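Topology and contacts: notes
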Amino acid sequence: MADGVKPHELIQLCELLDARFGGRIIGTGHNEIDRERNFYTKSLAAYFLTQAAGASDDDAIQASIDGGQDHGIDSVYVDSTQTVWLIQSKYKDAGTGEVELAEVGKFVDGVKDLAKQKYERFNHHLQAKIPGLNSALDSGVAKVKAVLTYTGGALGDDKRRVMSDLENALNQPADPGFLRFINFGLASFHRVQLDEHLPDPITAEITLENYGHINEPYLCYFGSITGAQLKSLKVDYGEKLFDANIRHFQGDTVVNQDISETIKNNPEHFFYFNNGVTFICDAIRPIGPRDDTRSTGKFRVENLSVINGAQTVSSLAIDLNEENQESNVKVLATFIALDADLEEFGGKVTRFRNNQNAVSDIDFAALDENQIQWAQTLQQSGVFYRYKSGELDQEDFDVETAAKALACWAGDSECNLIAQAKKDAKKLFSRVAGYEAHGSTYHHLFKDSLQARQLWRIVQIHQLIRESLRSDARQASGVDKEITTNSLMLLSHIVYLKIKQHIDHNDLKLSLAQSNIVRTTAQSITQIVIAEYKKVDWGKTPAAVFKNASDLKTLKGVVMAALANA
């Protein structure tokens, strides 16, 4: 990019900030350039609060404490849930680069002082907010979200490290989620801005053959639609047709190859071989002549979107031609009218209907810009991390392995995380319909303060423990073999507790000495796990025990006691 040329995403963001806050937020500085930058800095914080904290424009503007003695904190806002939002905002003209480490350090110090309620260290703007801060922090349910908003790229490990240190210091076992740091760069602002400016909804007229309908709890019409109609929708509206879907056309996958082959070679069988297409809409209404036999019906569909079958529709648009159109390719189509319940129920429909090209909540990790940053940081050092669907020529670990390792590393007093990692690790990525892309578990594991180096060291230890167990299992038999085969998550958790000091290290790769410590520690603890397991009549198989949080809590307790007495 040429010097002095802003990314288009930043130009669009500045236009939004000008329109929304121009004349209401006053930039300060010695010259016009400084005043403009200060305006955008304050406006970034205000805009974030309106989007993430639900603040009104006026409240978001009043949240500013920017100025002398702000202690690195530009805005302070307490929402109705007693969440304290602390914002450091940095506007960067280039739209690239990171916030300086010194600035992040200053912000972290400010967050620490506010958490200690040392208000005297702050300027007069903060003093007016003391009653609200005290009420929240003394409520017993307070959460603090410390947010770095800036118009640059994702943060490097050095900045994440100082954030992580304060999280670890302030988050106590009784309240592990009290403080959470959040990084919100230009890419995040761009996604929010796009969401605010979604295109006009699609209204289309379609014809169904041999149709039926269901009235409750949601109006739903289903029947046969011609491939030509689906192709026409894709040609007319393009990718906009899939706005409610979690991914667009996936290209030359095995499933899509099969769809194409059927279109070209067996169009008359398409209806039988294909799962069909599911649409959601605000409303579907019959129009034109009415047929009492329901053999044919015409409908007007409002705010139409494909939520399952993007691959089918895209393949039809590519491969359907006059020759096989004449064969009248038919597709099963379902139209679900959700009206006001589009967000919540529609999200569920989208998830559960997506089964032609298998998709799960884990696919949404690719939307997290932190995942991109970790992958890019590690790749520069020759470590290849796959965080989204697809394949790499080389792969050291993937996002599901990372989630399992982090679940064992983070742990919890009730052993729910390690039980879930054993049962179905993909559920660690579960989403909350209508809210953030992922739920609290995902954000607890993949924290904004997590460093790429730290992630890779945690995964390396997990992989070494897995290798150790495989070796032990080959030499074991009977119940010992079953225990060894199923104990990876619990064993990893306990090993992490015993060798935590080897995670926080400046080297990316575990040394030979550290690897040997992991192996010997894992082998010795494995024997204790086997011995303590056999002392209890569980009344179930080892496979079932190691998936049950209550059983894991019991077993962990006796193993830790045995280790303490060893």
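As the structure is a prediction and not an experimental result, all values here were calculated from the model.

A contiguous nonpolar patch, built from Phe271, Tyr272, Phe273 and Leu332 and spanning about 440 Å² of accessible area, is present on the exposed surface. Looking at the nonpolar patch element by element, the count peaks at 3 residues for helix α11 (residues 270–273). In this structure, leucine 332 sits in strand β11 (residues 330–337).

What follows concerns the sheet that holds strand β9 (residues 296–302). Pairing in this open sheet of 7 strands is mixed, and the strands run β8-β9-β5-β6-β11-β7-β10 from one edge to the other. Bordering the open sheet on either side are β8 (283–287) and β10 (305–308), each of which pairs with just one other strand. The sheet shows a mean angle of 45° between the axes of neighbouring strands, direction not considered. With 5 bridges joining them, β8 and β9 adopt antiparallel strand pairing. Bridge pairing links isoleucine 287 to lysine 298 in β9. Lying on the sheet, helix α9 (residues 227–237) is in contact with β5 (203–214), β6 (219–226), β7 (277–281) and β11; it crosses β6 at an angle near 105°. Along the sheet face, helix α12 (residues 310–319) touches β7, β10 and β11 and points at about 120° away from the line of β10.

Before going further, it helps to examine the packing of helix α16 (residues 399–410) against helix α17 (residues 416–423). Between α16 and α17, the shortest axis-to-axis distance is 8 Å and the interhelical angle comes to 155°. In terms of their interaxial angle, α16 and α17 are classed as roughly antiparallel. Where α16 crosses over α17, the handedness of that crossing is left-handed. Every residue of α17 that contacts α16 at Lys404, Ala407, Cys408 and Ala410 is listed here: Leu417, Ile418 and Ala421. Split into classes, the residues belonging to the contact of α16 with α17 amount to 6 nonpolar, no polar and 1 charged.

Moving on: the packing of helix α21 (residues 488–498) against helix α22 (residues 512–534). At a minimum axis separation of 10 Å, α21 and α22 run at an interaxial angle of 125°. The angle between the axes of α21 and α22 places the two elements in the oblique class. Handedness of the crossing formed by α21 with α22: right-handed. For the pair α21 and α22, the contacting residues are Leu491, Ile494, Val495 and Lys498 in the first and Thr521, Ala522, Ile525 and Thr526 in the second.

The subject of this paragraph is the packing of aromatic side chains. Evaluation of the coordinates by the stated rule reveals 21 aromatic pairs. With a centroid separation of 4.9 Å and 85° between ring planes, the pair formed by phenylalanine 184 and phenylalanine 189 is classed as edge-to-face. No difference in accessibility class separates phenylalanine 184 from phenylalanine 189, as the two residues are buried. Look at tyrosine 211 and tyrosine 221: their rings are 6.1 Å apart centre to centre, the planes differ by 45°, and that puts the pair in the tilted class.

Let us look at the nonpolar core. If you look at the biggest cluster of nonpolar residues, it comprises 63 residues, and the most contacted ones within it are Tyr385, Phe397, Leu428, Phe429, Phe446, Leu455 and Ile465. If you list the elements that add at least two residues to this core, you get α15 (369–379), α16, α17, α18 (440–445), α19 (452–475), α21, α22 and α24 (549–565). Counting residues per element, this core draws most heavily on α19, at 9 residues. In this structure, leucine 428 is in contact with Ala403, Lys404, Ala407, Leu417, Gln420, Ala421, Thr441, Tyr442 and Leu445, ignoring residues within four places of it in sequence. Cys14, Phe21, Ala53 and Leu186 belong to the second largest nonpolar core, which has 30 residues in total.

Residues separated by three or four positions in an α-helix point in the same direction, a consequence of the helix having 3.6 residues per turn. Burial runs high along α12: 8 of the 10 residues are buried. Taken as a whole, α12 has its buried residues at Ala310, Gln311, Thr312, Val313, Ser314, Ser315, Leu316 and Asp319.

By the secondary structure assignment, leucine 44 is in helix α2 (residues 32–52). When its relative accessible area of 0% is taken as the criterion, leucine 44 is described as buried. Sequence separation of leucine 44 and phenylalanine 189 is 145 residues, and the distance between their C-alpha atoms is 8.9 Å. If sequence neighbours within four positions are ignored, leucine 44 has contacts with Leu13, Leu17, Ser89, Lys90, Tyr91, Thr149, Tyr150, Thr151 and Phe189.

We now examine α21. Most of α21 sits out of view: 9 of its 11 residues are buried. Of all the positions in α21, only Leu488, Met489, Leu490, Leu491, Ser492, His493, Ile494, Val495 and Tyr496 are classed as buried. Buried residues in α21 make contact with α16, α17, α19, α20 (478–486), α22 and α24.

Let's shift gears to the sheet that holds strand β1 (residues 75–78). One open sheet holds the 4 strands; their spatial order is β1-β2-β3-β4, and the pairing between them is mixed. Two strands in the sheet have a free side with no partner beyond their single neighbour: β1 and β4 (179–184). The mean inter-strand angle of the sheet, taken between neighbouring strand axes irrespective of direction, is 20°. Looking at chain direction, strand β2 (residues 83–90) and strand β3 (residues 143–150) are connected through 8 bridges and run parallel. Each bridged residue has a counterpart across the sheet, and for isoleucine 87 the counterpart in β3 is valine 147. Sheet contacts for α2: β1, β2, β3 and β4; angle to β2, the most-contacted strand, approximately 145°. Packed on one face of the sheet, helix α7 (residues 157–170) meets β3 and β4 and runs near 160° to β4.

On to the pattern of salt bridges. Evaluation of the coordinates by the stated rule reveals 20 salt bridges. With a closest N to O distance of 3.1 Å, aspartate 113 and arginine 121 form a salt bridge. The exposure class assigned to aspartate 113 is buried, which follows from its relative accessible area of 6%. The salt bridge involving lysine 159 is made with aspartate 158; its shortest N-O contact spans 3.4 Å.

So, on to the side chain of aspartate 448. Position of aspartate 448 among the secondary structure elements: in the loop between α18 and α19. Although aspartate 448 is buried, it forms no salt bridge, and the closest oppositely charged side chain is arginine 180 at an N-O distance of 4.8 Å. The contacts of aspartate 448, once residues within four sequence positions are left out, are Arg160, Phe181, Ile182, Asn183 and Asn370.

Attention now moves to the side chain of aspartate 79. The residue aspartate 79 is located in the loop between β1 and β2 in this model. Of the side chains bearing the opposite charge, lysine 145 lies closest to the buried aspartate 79, which forms no salt bridge; the N-O distance is 6.8 Å. Polar side-chain contacts of aspartate 79 include one of 2.7 Å to the side chain of threonine 81. Within the structure, the side chain of aspartate 79 is placed 3.0 Å from the side chain of tryptophan 85, a separation counted as a polar contact. Those residues in contact with aspartate 79 that lie beyond four places of it in its chain are Ala53 and Trp85.

Reading the values: rules and limits
- Residues numbered from 1 in each chain as written.
- Predicted model: local features only at pLDDT ≥ 70, side-chain atom pairs only at ≥ 80, totals over all residues.
- Heavy atoms only, no water.
- Patch = residues over 30% accessible without salt bridge, like charges linked within 9 Å, V, L, I, M, F, W, Y side chains within 5 Å.
- Areas by Shrake-Rupley, 256 points an atom, 1.4 Å probe, with all protein chains shown as cover.
- Salt bridge = Lys/Arg side-chain N within 4 Å of Asp/Glu carboxyl O.
- Helix = DSSP H or I, 4+ residues; strand = E, 2+ residues; numbered from the N terminus.
- Pairing = 2+ DSSP bridges.
- Axes fitted to C-alpha atoms, helices over the stretch in contact; angles between N-to-C directions.
- Contact = heavy atoms within 4.5 Å.
- Parallel < 35°, antiparallel > 145°, perpendicular 65-115°, else oblique.
- Left-handed = near helix turned anticlockwise from the far one by under 90°.
- Nonpolar A, V, L, I, M, F, W, Y, C, P; charged D, E, K, R; others polar.
- Phe/Tyr/Trp six-rings, centres within 6.5 Å; stacked < 30°, edge-to-face > 60°.
- Buried < 20%, exposed > 50% of the residue type's maximum accessible area, 1.4 Å probe, protein only.
- Core = buried A, V, L, I, M, F, W, Y, C linked by side-chain atoms within 4.5 Å.
- Lys, Arg positive; Asp, Glu negative; His and termini not counted.
- Polar contact = N/O pair within 3.5 Å; in protein donor to acceptor, adjacent residues only side chain to side chain.

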